[in-house]
Every structure is written in structure tokens, then in C-alpha cells.
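Spelled out, the chains give:
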Amino acid sequence: MRRLAKLSPDVLDEDQRRLYEAITAGPRARGRQAFELVDEAGALEGPFNAMLLQPALGSALQGLGAAIRYQGSLPGRARELAILVVAAAWESEFEQHAHEAAGRLLGLREEDLAAIRAGQPPDLADPAERAAVRAAWALVRSGDLDDGQYAEAVAGLGEAGLGEAALFELTTLVGYYATLALQLRVFRVGHP
């Protein structure tokens, strides 16, 4: 049962309205969408509704998410695979729903998605995708990479010309989506 009522646009104060507009008019609203940002009444879906409770924090959080999704160097499929690892580890219904749809738009196969849901590594040909998935699983399971996992991640991501910078991005992504999964769980937000 959802714990937080959806905030409709007509009840938002000035700070909430600015954040609402940043989300609905920003990069998430451009191009092909994997899921709807707003419901039929115009209220924000997923983690974005809760961000309106504290607009200063919500703005920083949504800005970080937008940077990860739209300004990062990780290839789109590797990024979505890593997000799905976090969703599977946290059993986050909304993240799984939204990012499986985003992954499908990028060409992820149903067997890839099913493997991640089952906690297994999918059979991926791309070294950056394999490295992102393996590192993400290690991070959600132990909160760290041992020396071998670190070297494997840097090497795999390095084959795509990314290396340590992409690993920094990946650790930020895992932390960000774990934060969203926690919030989605606490506020009992499932898929739309």
C-alpha cells in the first residue's frame, strides 16, 4: 500500500513547482520514454513524487540522476544493466519496471533481463557491459570491490576507452539507484 499520496501539480508551492518543472521539462522528458513521468492527473511517478517533499534535496538528487543518465560516459546498455542489477538486489519493482523498459529500447534481450532478475550474469558479448554487471553485483552484494574485481572492472571498462572514470561513474550510479530503491521501498511505490 502506497504510503505517500501523490502530489498533484495544483497543490505545489513555488519550490516544489520549480522542481516539478525541472523533472518534467528536463532531459527525462525528451525523446523516447520508457515510462511516463506523470500520471493521468499530472502527478509525478516513481521516486520523483517523494522528491517534492524536500525540494532542495530533491533537486540535487534528480540533478545527480539526470547527470548519470544523460551526461555520463557509460554506454547506455551497460548503464541500464547496472541499474537493473541494483533493482534486482533491492527488489525494487519501480526501478525494475522502468529500466527493463529502457533496456529494451536499447536492445537488451529478454534473456538478459531474466538473468539479472534471477541474480545471474547474462551472457554478454560486450566487455564494458560484462564489466559493469560484474562490478555492480559485487558492489550491491558486498559494498566493495576487491583488488581482482577492481582490476577486472577497470580493464573491461577500459576496452571501451573508459577505465577508472567509468568505474567512478558506475559506483555513483549504484549508490544513486540504491538510494532511490530505499526511498521507493519506504514509501511503498511499486510500478505504475
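Residues numbered from 1 in each chain as written. Predicted model: local features only at pLDDT ≥ 70, side-chain atom pairs only at ≥ 80, totals over all residues. Heavy atoms only, no water.

> Can you lay out the overall build of the chain for me, pointing to particular residues and giving the numbers?
Counting secondary structure elements, the chain contains nine helices and zero strands. Each helix and strand of the chain, ordered N terminal to C terminal, gives the series α-α-α-α-α-α-α-α-α. In terms of overall size, the chain behaves like a compact globule, its C-alpha atoms giving a radius of gyration of 17 Å where 192 residues would be expected to give roughly 16 Å. Over its C-alpha atoms, taken along the principal directions, the chain stretches across nearly 50 × 30 × 30 Å. Across the 192 residues in the chain, those meeting the buried criterion constitute 47%. Contacts spanning at least 24 positions in sequence make up 67% of the contacts within the chain whose residues lie at least 6 apart. Working note: accessible area of the chain is about 9,400 Å², and carbon and sulfur atoms make up 52% of it. Seen as two clouds, the 19 positive and the 27 negative side-chain charges of the chain have centres 3 Å apart. (Helix = DSSP H or I, 4+ residues; strand = E, 2+ residues; numbered from the N terminus. Rg over C-alpha atoms; globule rule 2.2 N^0.38 Å. Buried < 20%, exposed > 50% of the residue type's maximum accessible area, 1.4 Å probe, protein only. Contact = heavy atoms within 4.5 Å. Areas by Shrake-Rupley, 256 points an atom, 1.4 Å probe, with all protein chains shown as cover. Lys, Arg positive; Asp, Glu negative; His and termini not counted. Charge placed at Lys NZ, Arg CZ, Asp CG, Glu CD.)

> Any details on the packing of aromatic side chains? Residues and values, ideally.
How two aromatic rings sit relative to each other is set out by the distance from centre to centre and by the angle between their planes. Considering all chains together, one arrives at one aromatic pair under this definition. For the pair tyrosine 176 and tyrosine 177, a centre-to-centre distance of 4.8 Å together with 90 degrees between the ring planes defines the contact as edge-to-face. Tyrosine 177 sits in the buried class, given a relative accessible area of 4%. (Phe/Tyr/Trp six-rings, centres within 6.5 Å; stacked < 30°, edge-to-face > 60°.)

> How would you explain helix α5 (residues 93-105) if you had to name every residue and give the values?
In an α-helix, one turn spans 3.6 residues, which is why side chains three or four residues apart end up on the same side. Look at α5: 19 Å from first C-alpha to last across 13 residues, which is about the 18 Å you get at 1.5 Å a residue. Phe94, Glu95, Ala98, His99, Glu100, Ala101, Ala102 and Gly103 are the residues of α5 that are buried. One or two positions beyond α5, positive phi appears at glycine 107, with a value near 95 degrees. (Expected span 1.5 Å × (residues − 1).)

> Now, about unusual backbone geometry: what can you tell me, with residues and values included?
Unlike most non-glycine residues, glutamate 91 shows phi in positive territory, near 50 degrees. Along the chain, the position of glutamate 91 falls in the loop between α4 (76-90) and α5. In this model, arginine 188 sits at a positive phi of 55 degrees, which is unusual for a non-glycine residue. By secondary structure assignment, the location of arginine 188 is in the segment after α9 (163-186).

> Give me the environment of alanine 88: which residues, what numbers.
One can find alanine 88 in helix α4. Alanine 88 sits 31 residues away from glycine 119 along the chain, and the two C-alpha atoms are 6.9 Å apart. Each residue touching alanine 88, except ones within four places of it in the same chain, is listed here: Ile116, Arg117 and Trp137.

> Which residues make up the pattern of salt bridges, and what values go with them?
A complete count under the given rule lists 13 salt bridges for this structure. Among the salt bridges present, the one from arginine 79 reaches glutamate 80, with a minimum N-O distance of 3.3 Å. With a relative accessible area of 11%, arginine 79 lands in the buried category. A residue is classified by how much of its surface remains accessible, and glutamate 80, at 0% relative accessible area, is buried. Here the salt bridges do not stand alone but share partners, grouping Glu100, Arg104, Glu110 and Arg117 into one network. (Salt bridge = Lys/Arg side-chain N within 4 Å of Asp/Glu carboxyl O.)

> Describe in detail the nonpolar core, supporting the description with residues and values.
Leu157, Leu173 and Tyr177 are the most contacted members of the largest nonpolar core, which totals 52 residues. Here this core gets ten residues from one element, more than from any other, and that element is α9. Those residues in contact with leucine 173 that sit more than four places away from it in its chain are Ile68, Leu74, Arg79, Ala82 and Ile83. (Core = buried A, V, L, I, M, F, W, Y, C linked by side-chain atoms within 4.5 Å.)

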